[in-house]
Amino acid sequence: MARTEMDRQIEEGVEQAAVFVGRFVSGAPMGEQPRAPGGTPRGVHVLLRLAVVAWAGWGAWTWWGLQEHERVIRAGVITACVAVPLAVVLSVLGRKRRRHMRSLVLPMALAMKDMLPAWDDRQRLRALTIPLDRSFVKIRLPDGWHGQDGHKDMLRELVQDRMGGQWSGEWNLKSYPFSVVFTPQKPRAKLEPPETVDFFDPVVQQAIAQCKPGQLVLGLDERHKPVFKEMTGETAMWALSVGSGGGKSSFLQMVITQLVGQGATVVGVDVKMASIICFEGVPGIHLYTDPGNIGDMRSAIKWVAREVEARNYVKKKDPRKDFDRLTLILEEGNEFGDASKAYWNDTKEKGDPAGDPIWGDIASIMRMGRHVNVTIIGVFQDLREAAVGSRGLRNMFRLILMGNYNANQWKMIVNTTPVPPSVDRAGRMMIIEGNRRIWIQVPYAAPDAFREHSLKLRRERGYSTKDLYGAPPSASPQRLPSLLQESKPLLAKEPAALESAGLDEDGGAVTLVKDDLDEPELDEDLDELAESDEEDEEDEEGPELLALAEISRRLAEEDIKVSAELMRQHKRRRSDFPAGVVVDGRELFTYEAIASYYRPDDAG
C-alpha cells in the first residue's frame, strides 16, 4: 500500500512530538539554540517541567472532574506563595555560579581550541570542570589525545595563566575516560640559614673534623647543614665583598682557626689592625697590621711570591712533592691598595713604573700558587677591578662571598638579574661559585676563643716549617701615631728664632713631632734651626749626631753630592741603610756611617 501525504505528515508529527517530549523530559533547551553557560542546571529544569505538568494535570482533574474549584484556587495560591520566593532565592544563589561560568569557564574553554582541535566549542565547554572554589581544574580529553606538539605544556600554562600561581597536572592517558586534573602546588616554605651559629657547636665541630686537607667549613646553609668548600683547584683563591658590619672579621677568624688545625702557615696583612690581631703570637701566623709600616706589608707579600717561585722550582724537579699550605690573608684590600699606592708614589725613583708593582706579586701568587698549595683570601668592602690593581685579578677569584651588598655591587661582580635581596645580618653571606648560589650563616666565636683554640691545636698537632724555603720578614716596631707622640714647643729656648719664625715666646702654636720630620718642606728649616743646639745636645763621650741636611752639606765638601731628600728615600726603601738614633723625637745619624755608605769605594 503506497504511502500518502497524510501518512508522511503523521510520521513527521509523531517524530517532532517525540523530540519535544524527549527535550522536555531531559531538561534540554526546547529551541535549537543551546542554553547559555552559567544558567540553571539541567536537572532543575527537569524537576520544574515535571512539576508544572503534574500541577496542571491535578488542577484539571480537580477543577472539572471533582468540581472542587475552591480547592484548586487555594492550592494555587499556596503554591505561588512558596514558588515565587524559592525562585528568587535560587536566582540569587545561582548568580555567583553564572558569573563563574561566564568569566572563567567559558573563556578558558574557548582558549583550548588550539590544544583540543578535534572538538567544537560546546564539547570543550562540557569537557571542562572548574568548581566554584577553584580547588582543581579537570579537563576531559578526546580519544587518542597524547599531548603532541607541546599541547601538554600549553594546557598547563593556560591553567596557570587563568588561575594564577603554579599548578601541577595528573595525566590519565592510558584508560578511558582520558583526562587531566590540575591542582595548585603548595608554596614551599621559605628556608633560611639560622640566625646565629656557634663555632664550637657540636654540629660545626663534627663537620670540621670530617674535612679533608684543604677543605673548610664556611657555615650552615638554608637547611641548617654544613657547607664545605675546598681551597684547591679552581676555587683556590677566595674573595669577600662584604659591607661594613657584614661579619668579615668573624669569617677570617673562623677560617684561620681551621687552617691552623690543618698545619698551615698564615700571612696576614690587615691595615685595620682589628680583624686578625687576636692571633698575635700563635706559631705559624705572621701578622702585619701596622698601617704606618706599609713597607712591611709589601715585604710580606713579596716573600710569599718568592716562596711560590721556590716551590714551583722544587715541584719541577720533583712532581710528586706535596707542600704544606701557605695562605695569604689580605684584609681590607681597598684600604691596603690606596695606602700601598701612596707609599709607592712617595718612594719610587726615576725610571720606576708609575703603577704599584705589588699587584704584580699578588698576580704571580694567584697564577702560580695553587699548584704548590699557596692560596689567597682577599677581603674587600667593594670588589672593584681598580681595587685589585686593574690587572684582571678579580676574575681569578673563583669563589666569592657577598654580604651587605647593593644592586650596583651585584651587577658589577656577578652581573645577573634579578638581583637577590641582601640580608642585613652579620655573618649572613652568599657563596657564589660559578652559577651556584648558596646562603650561609658564618659560625661565630669571641676573638679570644679563636686564639685559645688555635694555640691548643698547635700544641696538639704541632707545626712544621719544612716547606718554607725562607723566613717571613720581621715586622717593624709599631710606629706611634703622630697625635700620640710626645711633642714640645719649637725651639722654646730661642726667643730670637721664635720671633723670626713669627711665633710667640710660648711657642704653643707650633709643635715638633716625628711625622713633621718626614715632610720635606719642614726638614730643611728644622735641620738648620737645630744645628745651633746640636753641639749642646751631643754626648761628649759619643759620636756626633747630625741631621741628614747637615750630613748632605758636609758630603758636598768631599764632592759626594747626595741630597737630603734622596737619603730619606734610601732610608725608607733600603734595608742596609745605616740606623739612626732618635733624640727628642728626631732621627739623627753619624757622619761617618752615612759617608761610608755613599763613598764610591764603599757604597752599596
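Notes on the structure follow. (Residues numbered from 1 in each chain as written. Predicted model: local features only at pLDDT ≥ 70, side-chain atom pairs only at ≥ 80, totals over all residues. Heavy atoms only, no water.)

### Brief notes about the overall build of the chain
Part 1 of the reasoning: When you go through the chain residue by residue, the secondary structure sums to 18 helices and 19 strands.
Part 2 of the reasoning: Expressed as a percentage of its 604 residues, the buried residues of the chain come to 39%.
Part 3 of the reasoning: Residue pairs in contact within the chain that sit at least 24 positions apart in sequence constitute 62% of those at least 6 positions apart.
Part 4 of the reasoning: Of the roughly 34300 Å² of accessible surface on the chain, 53% is carried by carbon and sulfur atoms. (Helix = DSSP H or I, 4+ residues; strand = E, 2+ residues; numbered from the N terminus. Buried < 20%, exposed > 50% of the residue type's maximum accessible area, 1.4 Å probe, protein only. Contact = heavy atoms within 4.5 Å. Areas by Shrake-Rupley, 256 points an atom, 1.4 Å probe, with all protein chains shown as cover.)

### Examining the sheet that holds strand 1 (residues 128-129)
Part 1 of the reasoning: On the basis of which strands lie adjacent, the open sheet formed by four strands has the order 1-2-4-3 and antiparallel pairing. Each edge of the open sheet is held by one strand with a lone partner, namely strand 1 and strand 3 (167-172).
Part 2 of the reasoning: Where strand 2 (residues 137-140) and strand 4 (residues 179-184) come together, four bridges link them in antiparallel fashion. Residue pairing in the sheet places V137 in a bridge with F182 of strand 4.
Part 3 of the reasoning: In the packing of helix 5 (residues 151-163) onto the sheet, contacts are made with strand 2, strand 3 and strand 4, and the angle to strand 3 comes to roughly 140 degrees. (Pairing = 2+ DSSP bridges. Axes fitted to C-alpha atoms, helices over the stretch in contact; angles between N-to-C directions.)

### What about the nonpolar core?
Generally speaking, a soluble globular protein has its nonpolar side chains buried in company with each other.
Part 1 of the reasoning: Counting residues in each nonpolar core, the largest one holds 45 residues, and the members touching the most others are V267, I301, I362, I365, I376, F397 and M402.
Part 2 of the reasoning: In terms of residue count, helix 8 (residues 294-317) provides more of this core than any other element does, eight residues in total.
Part 3 of the reasoning: With residues up to four places along the chain from it excluded, the contact list for V267 reads H286, Y288, A300, W303, V304, L326, T327, L328 and I329.
Part 4 of the reasoning: In terms of nonpolar packing, the next biggest core, distinct from the first, is built from 40 residues, V197, L259, I285 and I438 among them. (Core = buried A, V, L, I, M, F, W, Y, C linked by side-chain atoms within 4.5 Å.)

### Observations regarding the sheet that holds strand 19 (residues 586-590)
Part 1 of the reasoning: Here three strands make up an open sheet; going across it, the order is 17-19-18 and the pairing antiparallel. The outermost strands of the open sheet, each flanked by one partner alone, are strand 17 (545-546) and strand 18 (581-583).
Part 2 of the reasoning: Both strand 18 and strand 19 contribute to a ladder of three bridges, which runs antiparallel. The residue of strand 19 that forms the bridge with V582 is E587.
Part 3 of the reasoning: Contacting strand 17 and strand 19, helix 18 (residues 591-598) runs over the sheet at an angle of about 70 degrees to strand 19.

### Remarks on the environment of E550
Part 1 of the reasoning: Its place among the elements puts E550 in helix 16 (residues 548-557).
Part 2 of the reasoning: The class of E550 is buried, set by a relative accessible area of 4%.
Part 3 of the reasoning: Sequence separation between E550 and A564 is 14 residues; the distance between their C-alpha atoms is 8.4 Å.
Part 4 of the reasoning: A distance of 2.7 Å separates a polar atom in the side chain of E550 from a polar atom in the side chain of R554. (Polar contact = N/O pair within 3.5 Å; in protein donor to acceptor, adjacent residues only side chain to side chain.)

### Brief notes about the side chain of R311
Part 1 of the reasoning: Mapped onto the elements of the fold, R311 is located in helix 8.
Part 2 of the reasoning: E307 is the oppositely charged side chain nearest to the buried, salt-bridge-free R311, at an N-O distance of 4.3 Å.
Part 3 of the reasoning: In this view, R311 contacts F323, D324, L326, V372, N373, V374, D467, L468 and Y469; residues no more than four positions away in its chain are not counted. (Lys, Arg positive; Asp, Glu negative; His and termini not counted. Salt bridge = Lys/Arg side-chain N within 4 Å of Asp/Glu carboxyl O.)

### Here we look at the packing of helix 16 against helix 18
Part 1 of the reasoning: Contact geometry of helix 16 with helix 18 gives a least axis separation of 10 Å together with a crossing angle of 55 degrees. Here helix 16 lies oblique to helix 18, going by the angle between them. Along this stretch, helix 16 crosses helix 18, giving a crossing that reads as right-handed. Where helix 16 abuts helix 18, its residues I551, R554 and L555 lie against Y591, I594 and A595.
Part 2 of the reasoning: Class assignment of the residues belonging to the contact of helix 16 with helix 18 gives a composition of five nonpolar, no polar and one charged. (Parallel < 35°, antiparallel > 145°, perpendicular 65-115°, else oblique. Left-handed = near helix turned anticlockwise from the far one by under 90°. Nonpolar A, V, L, I, M, F, W, Y, C, P; charged D, E, K, R; others polar.)

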